[in-house]
2 protein chains.
Amino acid sequence: MKDRSLLMIPGPIEFAPEVLRAMGMATTSHVAPNFIEVFATALDRLREVFLAPNGQPFVVAGSGTLAMDMAAANLVEPGDKALVVNTGVFGDRFGEILERYGAQVTHARAPRPGSVPEPGDVEAMLEDGHFRVMTVTQVDTSTGVAADVKGLAAMGREHDVLVVVDGVCSVAGEELRQDAWGVDLALTASQKAIGVPPGLALLVAGPRAMEAFHSRSAPVVNYYADWSQWLPIMEAYEAREPSYFGTPPVNLIWALNTSLGLILGEGLEARFERHRQVSRAVKAAVAALGMTQVPVSGKIAANTLTAPRFPDGVDGSLLAHVKRAGVILAGGLHPEIKAEYFRIGHMGVVSGADVLATVGALEQGLAGVGYEFQPGAGLTAAQEVFCEA
Amino acid sequence: MKDRSLLMIPGPIEFAPEVLRAMGMATTSHVAPNFIEVFATALDRLREVFLAPNGQPFVVAGSGTLAMDMAAANLVEPGDKALVVNTGVFGDRFGEILERYGAQVTHARAPRPGSVPEPGDVEAMLEDGHFRVMTVTQVDTSTGVAADVKGLAAMGREHDVLVVVDGVCSVAGEELRQDAWGVDLALTASQKAIGVPPGLALLVAGPRAMEAFHSRSAPVVNYYADWSQWLPIMEAYEAREPSYFGTPPVNLIWALNTSLGLILGEGLEARFERHRQVSRAVKAAVAALGMTQVPVSGKIAANTLTAPRFPDGVDGSLLAHVKRAGVILAGGLHPEIKAEYFRIGHMGVVSGADVLATVGALEQGLAGVGYEFQPGAGLTAAQEVFCEA
C-alpha cells in the first residue's frame, strides 16, 4: 500500500519500527491495567523529554493545532493582552487562536519571511504592553526559522508574562529546557520529532500555567479543550486508577510510550546533538548545490528542517523529480514566498544514511530539471560533516 | 505486550487484522497522492455507511466527545433553545456541551435509568418549545438503551428543529438511515462499531445542518472544532487536491478506509442483522443465567451492547473472575446505578464464536463468585439463537 519512498518532510516523519508495531498492536481497554501503566509511564516520560520535572502533562487525541487551541482556551480570558513572537504561519495561527478566545493580540513580527523580530523590539513591547501571555514558535515549520526561546523566555519572565512555546516542530529534536528556561507551557504534536504517527496533541504545563488556569475568573468556552475535564484523567492515570472522560487513543498512546522510551534511551543531549549534526549536513549539501535558504542567517536556522530556496530557473516541479528518485520532500507553506522554496524535514529517527539518500535524490532531481551543478557536490559536503564527527 | 484476552466492552472493541495492519503501516505524507486517494475514498464511504448520500463528512483527530463538541459548536448560537432526549450519561453530556456554547437546554429525561422518555412528552415539548436543535443519543453507552431515532427524527422535522444523532455506540452496528429518517447530523467515534482504534471523530452533516452552519450570525468560538477550517480540507481531499489545516491522523484514516471497505463489503443490511442476532444471543444467555438488564424492556435494548444487572449476592468482583477466564467486560457507568450492573459490548467484527467465548467466561466468572446457576445454561441459550438462523 505505502510505496517505499523515504519521507523527509517536516512531519509526519519516518517512524521507528517499534513505534509502528505498537500502532498495529491489538487494542486493549482504556482502563485495562497494562494500558493504565503505559499511559502513566508516557505521562511521566513527557516530563523528562520536556525537561519539566514539575510540569503537568496532557495527552489528548487531536492535532498540533488542538494543542495550541488548548493552550489558548485554558490560559487566556477575554480582554487579556497577548504578545505573539511571530516568525511565520504558525505565529499567525497562534494569534488567530488567541483572538478567538478574546485576547487582544499584538504581533512582534519578523520583518520578512526568514527573519526574526529584533530582541530589543520584543523587549520594548513587553515593557509597554502589560501582556498576560507571550507565545513563541520555537521552530516555525513554514520558514525553518528557530526563535531564541531561552532569551525570549527570560525576557518574558522578567515582565511577568506566561511564556507559551509552540514546540510542534522542535520538542525532542531542538534543545528545549522548559523548566530551566522558565517556559510556562510547551506543546507539540506526535508526528514530529516525538516520533509517533499524527493524532496526539501533547502539552506540558508548568506550575505558573496551572496556577493561572486554576485562578481563571471566566469559564473556558471550549468544551473538548477544557483542562477541567482532562486534568482529573491525567492525574488518575498517573495514580494507576481507571477513569474516563473521552476514550483515549489507546494505540497512539502505546506508540507514544514506545517512542518516548527510545528518545530517553538515546539521551536528550545526544539527541539534540544528532539533530544539530544532521542539520549541518543537510545545510552544507544545500549550500554546495548552490542553493540559499529561507532563514536569513545560519544562526536562526532550525535543526529539525531545512528550507532551501529554489535556484534560478528551477521551480516546484523539482519535487516530483526528487520523488521519482525515492524521497518525498515538502513544498513551501508561507503564503508570501510559497512558490520560491521547499522544505526538507530531518527529525526523529533520521540517520546519516537518510541524509545521504535525501541529498542523492535531490541531486538526481536537480539533474532531472536541467539544473547545472557539480554531481556529487551535495553528497560530498554532507559526508564531510559526518566524517568530522 | 497485549494479553490475549477478548475485548468485549462497548468500545474500544476487537478490530479486524486488516485494520490493525493499516494502523501499523509506515506513515506517508498527508499530501501524498496515495493518501489523498485513501482519505477521499473514506469520506465517500462514510456517506454510504451513514446512508446519507448528500451529507458532508468530517473526519478529524479527536474522541467521540470532540464529535459532539463539533456538532454543538457549529450548529448552536448563544440563546438557541435545544432539546436533549436524555437516556443516560451521554444525554447529560450533550446538554452540558450545548450549554457551553450558549444554548438554553431542556432535557426530555428518561424517568429512570434504563427507560426512555415518553414519545408523547417529547412531542409536547417540541410543540411548546420553539427549539432550534434536538439531540438524540441513539444508544446510550451508559444504559444500553436504544432510542427510537426514526420516530423522534420525524417528530423533530415536523417541528422544524435540527435533528442531531449521537451515534457513537450505534453507527455501523445499529440501523441508522440518516437521509431517509431526516437526521440532519449524525456523529460517531472510530473505536465503536466503525471498527477502528480510538482517535477519530466522525460526523456527517446533512444539507440542512450545513445550511444552518453557513447562515450563522454568531462566530464559532471553538477554534479547533470550527467547520470553517475543516470544510475546505474535506472538500479538497475529495477533489483529490493537496491541502492543509491540521495534519490528519494518517494511520487512523488509512485504517478507517480499510474498515469502511470491510463494512460495505459485508453490506449494511447484513451487518445490522448480524448485530441483532449477536445481541439476541447475548441477551438470551444473560436471561438464562438469571440476570435482568438495565433497559426496562427488550424493545428499547440496544443491539450493540448488553447491560446486565448483577444478580443478588454478586458484585463488581465478578468482572475480575471473567477476566481471569479470558474476557474483558466493562463496569457500570451511570452514576445512579453504577455498582448494580456491568456491560458487554458486541459490535463490529464480533462473531458467534466471540459470543460463546464471552458467555463461557461469564459462566466461569459466576461460578468463581459462588453464584448458583445451571452450568451451560447461558451457552445453550446463546447457541439456540445461532442455530435458529
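Note that this is a predicted model, so its numbers are computed, not measured.

1. Quick look at the overall build of chain A
Right, on to step 1. Assigned secondary structure in chain A consists of 14 helices and 14 strands.
Right, on to step 2. Relative to a compact globule of 389 residues, whose C-alpha radius of gyration would be 21 Å, chain A shows 21 Å and is just as compact.
Right, on to step 3. Counting only C-alpha atoms and orienting by the principal axes, one finds that chain A spans roughly 65 × 55 × 35 Å.
Right, on to step 4. Expressed as a percentage of the 389 residues in chain A, the buried residues total 58%.
Right, on to step 5. Considering only contacts within chain A whose residues lie at least 6 apart along the sequence, 73% involve residues at least 24 apart.

2. Points about unusual backbone geometry
Residue and element names in this part refer to chain A.
Right, on to step 1. Between Gly11 and Pro12 the backbone carries a cis peptide bond, its omega angle lying at -5°.
Right, on to step 2. Mapped onto the elements of the fold, Pro12 is located in the loop between β1 (6–7) and α1 (17–23).
Right, on to step 3. Here the phi dihedral of Leu51 falls at roughly 50°; this positive angle occurs in a residue that is not glycine.
Right, on to step 4. Residue Leu51 is classed as partly exposed on the basis of its C-beta count, with 19 C-beta atoms lying within 10 Å.
Right, on to step 5. The phi dihedral of His130 falls on the positive side, at around 50°, and the residue is not glycine.

3. Focus: the relation of the copies chain A and chain B
Right, on to step 1. For the pair chain A and chain B, the best superposition has an RMSD of 0.0 Å and corresponds to a rotation of 180° with a translation of 0.0 Å parallel to the axis. What the rotation and shift describe, once combined, is the action of a two-fold rotation axis. Closest to the rotation axis within chain A is the C-alpha of Gly24(A), separated from it by 2.0 Å.

4. Quick look at the environment of Met125(A)
Residues and elements named next belong to chain A.
Right, on to step 1. Note on placement: Met125 falls in helix α5 (residues 119–129).
Right, on to step 2. With 19 C-beta atoms packed within 10 Å, Met125 lands in the partly exposed category.
Right, on to step 3. As a C-alpha pair, Met125 and Gly88 span 37 residues in sequence and 19 Å in three-dimensional space.
Right, on to step 4. Leave out the neighbours within four places in its chain, and Met125 touches Leu83, Thr106 and Ala108.

5. A short note on the domain arrangement of chain A
Residue and element names in this part refer to chain A.
Right, on to step 1. On domain assignment, one finds that chain A holds domain 1 (6–10 + 267–388) and domain 2 (17–266).
Right, on to step 2. Taken residue by residue, the interface counts 27 residues in domain 1 and 25 residues in domain 2.
Right, on to step 3. Where the side of domain 1 that touches domain 2 is concerned, the elements lending two or more residues are α11 (268–288) and β11 (305–306).
Right, on to step 4. Looking at the side of domain 1 that touches domain 2 element by element, the count peaks at five residues for α11.
Right, on to step 5. Across the side of domain 1 that touches domain 2, the residue classes break down as 16 nonpolar, eight polar and three charged.

6. A look at the pairing of strand β14 (residues 342–345) of chain A
All names here are of chain A.
Right, on to step 1. A two-sided burial pattern is seen for β14, the buried positions comprising Phe342 and Ile344 on one face and Arg343 and Gly345 on the other.
Right, on to step 2. Sheet topology note: the β11/β14 ladder contains two bridges and is antiparallel. Considered in β14, the bridge of Leu305 is made with Gly345.
Right, on to step 3. Where strand β13 (residues 330–331) and β14 come together, two bridges link them in antiparallel fashion.

7. Comments concerning helix α12 (residues 352–368) of chain B
Residue pairs three or four apart in sequence face the same way in an α-helix, which turns once every 3.6 residues.
Residues and elements named next belong to chain B.
Right, on to step 1. Compared with the 24 Å implied by 1.5 Å per residue over 17 residues, the 24 Å span of α12 between its first and last C-alpha is a close match.
Right, on to step 2. Contacts from the buried residues of α12 go to β1 (6–7), α10 (268–288), α11 (317–324), β12 (327–328), β14 (342–345) and α13 (377–388).
Right, on to step 3. Two residues or fewer after α12 comes Gly370, characterised by a positive phi angle close to 80°.

8. Overview of the sheet that holds strand β8 (residues 162–166) of chain B
Residue and element names in this part refer to chain B.
Right, on to step 1. As summarised here, the arrangement of the seven strands in space is β2-β10-β9-β8-β5-β3-β4, forming an open sheet in which the pairing is mixed. Looking at strand neighbours, the two that pair on one side only are β2 (56–61) and β4 (104–109), the edges of this open sheet. Neighbour to neighbour, the strand axes of the sheet diverge by 20° on average, direction disregarded.
Right, on to step 2. Relative to strand β9 (residues 185–189), β8 is paired through three bridges, and the arrangement is parallel. Each bridged residue has a counterpart across the sheet, and for Val165 the counterpart in β9 is Ala186.
Right, on to step 3. Most of the contacts of helix α7 (residues 207–214) go to β8, to which it runs at about 110°, and overall it touches β2, β8, β9 and β10 (200–205).

9. Digging into the sheet that holds strand β3 (residues 81–86) of chain A
Residues and elements named next belong to chain A.
Right, on to step 1. Spatially, β2-β10-β9-β8-β5-β3-β4 is the arrangement adopted by the seven strands of the open sheet, whose pairing is mixed. With partners counted over all chains shown, the strands left at the sheet margins are β2 (56–61) and β4 (104–109), one partner each. Averaged over all neighbouring strand pairs, the angle between strand axes comes to 20°, with direction disregarded.
Right, on to step 2. With five bridges joining them, strand β9 (residues 185–189) and strand β10 (residues 200–205) adopt antiparallel strand pairing. Residue pairing for β10: Thr188 is matched across the bridge by Leu202.
Right, on to step 3. The strands touched by helix α4 (residues 89–100) within the sheet are β3, β4, β5 (133–137) and β8 (162–166), with β3 carrying the most contacts at an inclination of about 170°.
Right, on to step 4. With respect to the sheet, helix α8 (residues 207–214) is in contact with β2, β8, β9 and β10, its orientation differing from that of β8 by roughly 110°.

10. Considering the interface of chain A and chain B
Right, on to step 1. With 47 residues of chain A at the contact, the number on the chain B side is 47 residues.
Right, on to step 2. For the side of chain A that touches chain B, the leading source of residues is helix α3 (residues 64–75) of chain A, giving four residues.
Right, on to step 3. Looking at the side of chain A that touches chain B residue by residue, the class counts come to 25 nonpolar, 17 polar and five charged.

11. Concerning the environment of Ile253(A)
Residues and elements named next belong to chain A.
Right, on to step 1. Structurally, the position occupied by Ile253 is in helix α10 (residues 250–266).
Right, on to step 2. Taking the number of C-beta atoms within 10 Å as the measure of exposure, Ile253 has 27 and is therefore buried.
Right, on to step 3. If near-sequence neighbours (up to four positions away) are discounted, Ile253 is found in contact with Val38, Phe39, Ala42, Val59 and Pro248.

12. Some thoughts on helix α2 (residues 33–49) of chain B
All names here are of chain B.
Right, on to step 1. The end-to-end C-alpha distance of α2 is 24 Å, a good match for the 24 Å that 17 residues give at a rise of 1.5 Å each.
Right, on to step 2. Among the residues of α2, Phe35, Ile36, Val38, Phe39, Ala42, Leu43, Leu46 and Val49 are the ones counted as buried. Angularly, the buried residues of α2 cover 165° about the axis, an arc narrow enough to put them on a single face.
Right, on to step 3. Where α2 is buried, its residues touch β2, β10, α8 (227–238), α9 (250–266) and α10.
Right, on to step 4. Backbone geometry just downstream of α2 places Leu51 in the positive-phi region, at approximately 50°.

13. Overview of the nonpolar core
Right, on to step 1. Leu203(A) and Leu203(B) are the most contacted members of the largest nonpolar core, which totals 280 residues.
Right, on to step 2. Apart from the residues lying within four places of it in its own chain, the contact partners of Leu203(A) are Phe58(A), Ala67(A), Met70(A), Ala71(A), Leu185(A) and Leu187(A).

14. Digging into the packing of α12(B) against α13(B)
Residue and element names in this part refer to chain B.
Right, on to step 1. In contact at an axis separation of 9 Å, α12 and α13 are set at 165° when each is read in the N-to-C sense. The pairing of α12 with α13 is recorded here as roughly antiparallel in orientation. Crossing handedness for the pair α12 and α13: right-handed. The segment α12 lies against α13, with Gly352, Val355, Leu356, Val359, Gly360, Leu362 and Glu363 engaging Gly378, Leu379, Ala382, Gln383 and Phe386.
Right, on to step 2. By residue class, the composition of the contact of α12 with α13 is seven nonpolar, four polar and one charged.

15. Remarks on the pairing of β4(A)
Residue and element names in this part refer to chain A.
Right, on to step 1. Of the pairings in the sheet, the one linking β3 to β4 comprises six bridges and is parallel in character. Note on β4: the bridge partner recorded for Leu83 is Thr106.
Right, on to step 2. In this view, the connection linking β3 to its parallel neighbour β4 by way of α4 has right-handed handedness.

About the criteria used
Residues numbered from 1 in each chain as written. Chains lettered and ligands numbered in written order. Predicted model: local features only at pLDDT ≥ 70, side-chain atom pairs only at ≥ 80, totals over all residues. Helix = DSSP H or I, 4+ residues; strand = E, 2+ residues; numbered from the N terminus. Rg over C-alpha atoms; globule rule 2.2 N^0.38 Å. Buried ≥ 20, exposed ≤ 12 C-beta atoms within 10 Å, placed from the backbone. Contact = placed C-beta atoms within 7 Å. Least-squares fit on C-alpha atoms with pLDDT ≥ 70 in both. Domains from an automatic or database assignment. Nonpolar A, V, L, I, M, F, W, Y, C, P; charged D, E, K, R; others polar. Pairing = 2+ DSSP bridges. Expected span 1.5 Å × (residues − 1). Axes fitted to C-alpha atoms, helices over the stretch in contact; angles between N-to-C directions. Arc of directions from axis to C-beta. Core = buried A, V, L, I, M, F, W, Y, C linked by C-beta atoms within 7 Å. Parallel < 35°, antiparallel > 145°, perpendicular 65-115°, else oblique. Left-handed = near helix turned anticlockwise from the far one by under 90°. Right-handed = clockwise from strand over helix to strand, strands pointing away.

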